[in-house]
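Below are the chains, spelled out letter by letter.
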Amino acid sequence: MAAVSIPPPQPNATKYKVALLQLPVSPRKEENIARARARLDAAAAAGATLVEIWNCPYSMETLPSHGEDIDGGASPSVSMLSEVAARRRITIVGGSIPERSSGRLFNTCCVIGPDGQIKAKHRKLHLFEIDIPGDITLRESDTFTAGQEPTIVDTDVGRIGIGICHDIRFPELAMLYRSRGAHLICYPSAFNMSTGQLLWDLMQKSRAVDNQLFVVTCSPARDPNAESDYMIWGHSSLIGPFGEVITAAGHEEATVIGEIDRSMIQTIRENLPLEMQRRDDLYQLVDVRRESSGHETCAA
Ligand SMILES: NC(=O)CCC(=O)C(=O)O
């Protein structure tokens, strides 16, 4: 049976500002946390009610030593995010950080509500494996364990789906979030120079256009002097439901702020009623977890 769309809750405001913090990251965690706190404060002061960040260097060599025990309350990164979210009364998509849990390491994004509480925790579902001889070879599964659940969360600004980086390549996940009523999918990401130039823009727009919703991506800033051979692509962006770029960063440090007008989704879906044109008699999306739980699954 195909997944039936779940109508989302309707928050009071149709429009809100989202800030993307494309931050430099160094191996010194305290420095990253202090910088992120300052930039989060500035974004909130500029009126953003949803802020997405990246706060950790992406390197298989150093990620394990940055691991934090989120469930055990030993996470300086999440403590800082909670403190700022509560003080500023904003929602923060705070990803991603290496999470230590039961002797394993996950690539995890926490969504923090304006009360400072963790509303959802997404563990990257699709681990990045790539081998292009002479260019890039990387096996995330040597370091990380994959998550097991899609993550959809009701926040003050509406229902949001979460993916991390390589998760963006899997259209089924985005379709599933749309069918569960998300108006926005957030992908904290660290794309690289090898795949970023050709595909980064294309994939964000594809996920937005296929599902007629907003897509936000947030990357670290590129460090041209980094010793790691994984060079960050950057270009954090906010894409609208018609594939339009609402705002986008370059590759350097930046805070970019754009407006999400949720009413645009309805307009686009009325203008171009893809949902009604879908050929359920020929193909269908199966939301495995939702069907086996027998009810709506939303992490709010
Ligand atoms: N760290 C990642 O998941 C990178 C994904 C990526 O670059 C891709 O091409 O996919």
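Description of the structure in this document. (Residues numbered from 1 in each chain as written. Predicted model: local features only at pLDDT ≥ 70, side-chain atom pairs only at ≥ 80, totals over all residues. Heavy atoms only, no water.)

### A short note on the sheet that holds strand β1 (residues 15-22)
- One open sheet holds the 6 strands; their spatial order is β5-β4-β3-β2-β1-β14, and the pairing between them is mixed. Since the sheet does not close on itself, it has two edges, and those belong to β5 (118-123) and β14 (254-261), each with one partner. Shown here is a sheet whose adjacent strand axes are inclined to one another by a mean of 25°, direction ignored.
- For β1 and β14, the ladder comprises 8 bridges, and the chain directions are antiparallel. Bridge assignment links Leu 20 to a residue of β14, and that residue is Val 256. (Pairing = 2+ DSSP bridges. Helix = DSSP H or I, 4+ residues; strand = E, 2+ residues; numbered from the N terminus. Axes fitted to C-alpha atoms, helices over the stretch in contact; angles between N-to-C directions.)

### Quick word on the site of the ligand
- Taken together, Tyr 58, Lys 124, Phe 128, Cys 165, His 166, Arg 169, Ala 190, Phe 191, Asn 192, Thr 195 and Tyr 230 make up the full set of residues adjacent to the ligand.
- Between Tyr 58 and the ligand, the recorded distance is 3.0 Å, taken from a side-chain N or O atom to a nitrogen atom.
- When isolated, the ligand has an accessible area of 290 Å², and the protein chains bury 100% of it.
- Across the shell around the ligand, the residue classes tally to 6 nonpolar, 3 polar and 2 charged. (Near = heavy atom within 4 Å. Polar contact = N/O pair within 3.5 Å; in protein donor to acceptor, adjacent residues only side chain to side chain. Areas by Shrake-Rupley, 256 points an atom, 1.4 Å probe, with all protein chains shown as cover. Nonpolar A, V, L, I, M, F, W, Y, C, P; charged D, E, K, R; others polar.)

### Brief notes about the packing of aromatic side chains
- All told, the structure shown has 2 aromatic pairs when counted by the stated rule.
- A centroid spacing of 4.6 Å and a plane angle of 50° characterise the contact between Tyr 58 and Tyr 230, whose relative ring orientation is tilted. On the criterion of sequence distance, the pair formed by Tyr 58 in the loop between β2 (50-53) and α2 (76-88) and Tyr 230 in the loop between β11 (214-218) and β12 (237-239) is long-range, its members being 172 residues apart. Across the pair, exposure class does not vary: Tyr 58 and Tyr 230 are buried alike.
- Plain terms: the ring middles of Phe 191 and Trp 200 are 4.8 Å apart, the flat faces sit at 40° to each other, and that makes the pair tilted.
- The ring centre of Phe 106 lies 3.9 Å from the NZ or CZ of Arg 123, which sits over that ring. (Phe/Tyr/Trp six-rings, centres within 6.5 Å; stacked < 30°, edge-to-face > 60°. Buried < 20%, exposed > 50% of the residue type's maximum accessible area, 1.4 Å probe, protein only. Lys NZ or Arg CZ within 6 Å of the ring centre and 35° of its normal.)

### Describing the side chain of Ser 236
- Along the chain, Ser 236 turns up in the loop between β11 and β12.
- Its relative accessible area of 0% is what places Ser 236 among the buried residues.
- Only 2.7 Å separates the side chain of Ser 236 from the side chain of Gln 22, close enough to count as a polar contact.
- For Ser 236, the contacting residues outside a window of four places in its chain are Leu 20, Gln 22, Trp 200, Thr 217, Cys 218, Ser 219, Thr 247, Ala 248 and Ala 249. (Contact = heavy atoms within 4.5 Å.)

### Concerning the packing of helix α1 (residues 29-45) against α2
- It is at 10 Å that the axes of α1 and α2 come closest, and there the two elements cross at 15°. For the element pair α1 / α2, the angle class is roughly parallel. Remark: the crossing between α1 and α2 carries right-handed chirality. Contacts between α1 and α2 involve Lys 29, Ile 33, Ala 36, Arg 37, Leu 40, Asp 41, Ala 44 and Ala 45 on the former and, on the latter, Pro 76, Ser 77, Met 80, Leu 81, Glu 83, Val 84, Arg 87 and Arg 88.
- Its residues placed into classes, the contact of α1 with α2 shows 9 nonpolar, 1 polar and 6 charged. (Parallel < 35°, antiparallel > 145°, perpendicular 65-115°, else oblique. Left-handed = near helix turned anticlockwise from the far one by under 90°.)

### Things to note about unusual backbone geometry
- A cis geometry characterises the amide bond from Gly 95 onward to Ser 96, with omega recorded as -5°.
- Phi is positive for Arg 89, which is not a glycine, with a value near 55°.
- Counting through the fold element by element, Arg 89 comes out in the loop between α2 and β3 (91-101).
- Overall, the relative accessible area of 54% leaves Arg 89 in the exposed class.

### Concerning the nonpolar core
- In terms of nonpolar packing, the biggest core is built from 43 residues, with Val 18, Leu 50, Ile 160 and Leu 184 touching the most fellow members.
- Of all hydrophobic cores here, the second largest spans 22 residues; its members include Val 84, Ile 90, Ile 97 and Ile 112. (Core = buried A, V, L, I, M, F, W, Y, C linked by side-chain atoms within 4.5 Å.)

### Structural notes on the sheet that holds strand β10 (residues 184-188)
- The strand order across the open sheet built from 6 strands is β8-β9-β10-β11-β12-β13, with neighbouring strands paired in mixed fashion. Bordering the open sheet on either side are β8 (151-155) and β13 (245-248), each of which pairs with just one other strand. Neighbouring strand axes in the sheet, compared pairwise and without regard to direction, differ in orientation by 20° on average.
- Of the strand pairs in this sheet, β11 and β12 are connected by 3 bridges, and their pairing is antiparallel.

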